[in-house]
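The residues making up each chain are set out below.
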Amino acid sequence: MYFTGGIRFENTSKSELNAVYGDGSVHSTLNDLFKWDQALYTEKLVGTPTLNRAWTEGKTNDGKGTGYGYGFEVGKFMKTREVSHNGSWLDFQTEILRLPDKKLTVIMLSNFSKFDSDGIAHKIAALYVRDE
């Protein structure tokens, strides 16, 4: 345990059940993900040219699309651009589905391992864009 600037820090073990690594087990809340989503509509966190590259599908050496940008799955949903990311860990399922041109984001957080976060997020998005 140590103190810096009046703040107390404590080392924790790096077991799979309590660690926060960048590639998984990231703990967040709906409110935090909403703030992240809203910041992506500005240049507060990432500049527009960088974000556009992140949302551009990568290509393999033979020119085939990968369906993936920089940390985002990219594609089309009901004729509009879609960027998304999902994850799971133990019994938790997550999905953040963004239709940036529609300014629509669906965030799914579940503590049930068999929850279809991707499928339900797309059903919700379809309700919003169905008349177009």
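Look a little higher up for the structure.
Computed from a predicted structure; not experimentally measured.

Some words on the pairing of strand S3 (residues 73–77)
By the bridge criterion, five bridges tie S3 to strand S4 (residues 80–89) in an arrangement that is antiparallel. The residue of S4 that forms the bridge with Val74 is Val83.

Brief notes about the environment of Val83
Looking at the secondary structure, you find Val83 in strand S4. Owing to a relative accessible area of 1%, Val83 belongs among the buried residues under this scheme. A sequence separation of 13 residues divides Val83 from Ile96, and the C-alpha atoms of the two residues are 8.4 Å apart. In contact with Val83, not counting residues within four places along its chain, are Trp55, Phe72, Glu73, Val74, Ile96, Leu97, Arg98 and Pro100.

Re the sheet that holds strand S6 (residues 104–110)
Spatially, four strands are ordered S3-S4-S5-S6 in an open sheet, and the strand pairing comes out antiparallel. Each of the sheet's edge strands pairs with one partner strand only, and the pair in question is S3 and S6. Between one strand axis and the next, the sheet turns through 20° on average, direction left out of account. Running over the sheet, helix H1 (residues 30–39) touches strand S5 (92–99) and S6 and is turned about 155° from S6.

Remarks on the pairing of S5
Each regular strand displays side chains that alternate between the two surfaces of the sheet. The element S5 is largely enclosed, with a buried count of six among its eight residues. Relative to S5, S4 is paired through seven bridges, and the arrangement is antiparallel. What sits directly across from Gly87, in S5, is Thr94. Count of turn residues in the S4/S5 antiparallel hairpin: two residues, of which Leu90 carries a positive phi of about 50°. Sheet analysis places S5 next to S6, joined by seven bridges and oriented antiparallel. The residue of S6 that forms the bridge with Glu95 is Met108.

About the cut-offs
- The residue numbers shown here count from 1 along each chain, following its written sequence.
- Under the rules for a predicted model, residues below a pLDDT of 70 receive no local features and side-chain atom pairs below 80 are neither given nor counted, while totals for whole chains, interfaces and linings still include all residues.
- Only hydrogens and water are removed before side-chain values are computed, so all heavy atoms of the structure are retained for them.
- Pairing between strands is defined by DSSP: at least two bridges between them are needed.
- Only DSSP runs of H or I with at least four residues qualify as helices, and only runs of E with at least two residues qualify as strands; both kinds are numbered from the N terminus onward.
- Note on exposure labels: buried denotes an accessible area under 20% of the residue type's maximum, exposed denotes more than 50%, and partly exposed covers the range between, all computed with a 1.4 Å probe on protein chains only.
- Every residue pair with non-hydrogen atoms within 4.5 Å of one another is taken to be in contact.
- Axes, fitted as lines to C-alpha atoms, cover a helix only where it is in contact. Angles between the N-to-C directions of the axes lie from 0 to 180 degrees.

These figures come from the coordinates and say nothing about function on their own.
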